[in-house]
Amino acid sequence: MTARILAFAARTVVVLFLVSVAVFGATELLPSDAALTRSGGTADAELRARLGLDRPAWQRYATWLAGMARGDAGHSLLTDRPVAQMVAERLPATLTLAGCALAVAVPLMFALAWAAGYAPPHRRGALTTLVTALAAVPQAVFAAGLAAVFAGVLAWLPPVSLVPAGGSPLERPQILVLPALALAVPSAAFGAGLLGGAVADIVRRPHVTSAVARGVPRARVAARHVLPYLIAPAVRVLAVVTGGLLAATTVVETLFGYSGLGELLVGAIGNRDVPVVQAVAMPAAAVVLAGLLAADVLAALTDPRRAPGRAVCEER
């Protein structure tokens, strides 16, 4: 068991390293650079050398990776401010928004997945179609529709989510409703689409159908015969949904004028501020990989097949 967990951890480290290479490579492909942006298109060799842009890409990657490993994200190429400080200023707002969105998305995801997977065959198709349709709607389109209805037609909520200067978005909770829903509903539907198949597979296993046929109450069937098999896939799906939701905050924050990491990322891309782009892009990948690692460990520890006769005992 220890060897398996160590193998999972090693795989996570390797994938995170590959993600860092991909993030750095993507920023290298951006046209122009921060020196030209900072100087208005007249950057000289001295400015490029001071910003470190005259060095080969592999050297800049090695310096960045070593700094990230130490918790040092470097300095902004545009303002010379520490990137960690810039991220720390915006992080609470994004975490607040993501937390509100997850508080809606997670229970909705499990409810939709359970309804679609546990439904009778004649209803399963309609529920699956509904979940797929919701998941297919891009966050930008969903956000625009919510704003048109609740901010435009009904005038219940503000169309722009401006965080009070120097304050917290919780001081005006109404500004969180539209961006949180725009993040939560498509994410929940996407997660339900992934998890619904696992639910459908588990509820049709022999030990579950046998328990149902013997008249075991549905709540007991769910708790003792289904949930133990659902823990690992649920954690995996939750990790993917959380990472995707964090990544989607970029679009939603920009659309609603919400001052979080997403808005910072968009501005950094426009200014070719590579250290800021890299520092903001990596956490979502790290969240997904950490969640997948936790899911693998949980699957190894809770696999019902590790306990011989468990399913038989539960049926009795």
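For the structure given in this document, a descriptive report is provided here. Remember, predicted model here, so these are calculated numbers, not experimental data.

Criteria and thresholds
Residues numbered from 1 in each chain as written. Predicted model: local features only at pLDDT ≥ 70, side-chain atom pairs only at ≥ 80, totals over all residues. Heavy atoms only, no water. Helix = DSSP H or I, 4+ residues; strand = E, 2+ residues; numbered from the N terminus. Buried < 20%, exposed > 50% of the residue type's maximum accessible area, 1.4 Å probe, protein only. Contact = heavy atoms within 4.5 Å. Areas by Shrake-Rupley, 256 points an atom, 1.4 Å probe, with all protein chains shown as cover. Axes fitted to C-alpha atoms, helices over the stretch in contact; angles between N-to-C directions. Parallel < 35°, antiparallel > 145°, perpendicular 65-115°, else oblique. Left-handed = near helix turned anticlockwise from the far one by under 90°. Nonpolar A, V, L, I, M, F, W, Y, C, P; charged D, E, K, R; others polar. Core = buried A, V, L, I, M, F, W, Y, C linked by side-chain atoms within 4.5 Å. Salt bridge = Lys/Arg side-chain N within 4 Å of Asp/Glu carboxyl O.

**Some thoughts on the overall build of the protein**
Okay, step 1: When you go through the protein residue by residue, the secondary structure sums to 13 helices and zero strands.
Okay, step 2: Taken from N to C terminus, the helices and strands of the protein fall in the order α-α-α-α-α-α-α-α-α-α-α-α-α.
Okay, step 3: Overall, the C-alpha framework of the protein stretches about 80 × 55 × 30 Å when taken along its three principal axes.
Okay, step 4: Within the protein, buried positions represent 40% of all 316 residues.
Okay, step 5: At a minimum sequence separation of 6, the contacts of the protein that also span at least 24 residues come to 73%.
Okay, step 6: Total accessible area computed for the protein in this model is approximately 15,700 Å², and 69% of it derives from carbon and sulfur atoms.

**Quick look at the packing of helix 5 (residues 83–118) against helix 10 (residues 218–256)**
Okay, step 1: Direction vectors running N to C along helix 5 and helix 10 enclose 140°, while the axes themselves pass 8 Å from each other. One element, helix 5, and the other, helix 10, form an angle in the oblique class. Between helix 5 and helix 10 lies a crossing whose hand is right-handed.
Okay, step 2: Its residues placed into classes, the contact of helix 5 with helix 10 shows 18 nonpolar, three polar and two charged.

**Here's the deal with the nonpolar core**
Okay, step 1: If you look at the biggest cluster of nonpolar residues, it comprises 47 residues, and the most contacted ones within it are Leu-183, Leu-195, Val-221 and Phe-256.
Okay, step 2: If you list the elements that add at least two residues to this core, you get helix 5, helix 7 (139–153), helix 8 (174–203), helix 9 (206–213) and helix 10.
Okay, step 3: Setting aside residues no more than four positions away along its own chain, Leu-195 makes contact with Phe-110, Ala-113, Leu-230, Pro-233, Ala-234 and Val-237.

**Description of the pattern of salt bridges**
Okay, step 1: Within the structure shown, the criterion is met by five salt bridges.
Okay, step 2: For Asp-80, the salt bridge goes to Arg-50, with nearest N and O atoms at 4.0 Å. Of this pair, Asp-80 sits in the loop between helix 4 (57–69) and helix 5 while Arg-50 sits in helix 3 (residues 45–51), placing them 30 residues apart in sequence.
Okay, step 3: A relative accessible area of 37% means that Asp-80 is categorised as partly exposed.
Okay, step 4: Among the salt bridges present, the one from Glu-89 reaches Arg-81, with a minimum N-O distance of 2.5 Å.
Okay, step 5: Taking relative accessible area as the criterion, Glu-89 reaches 48% and is therefore assigned partly exposed.
Okay, step 6: Judged by its relative accessible area of 30%, Arg-81 falls in the partly exposed class.

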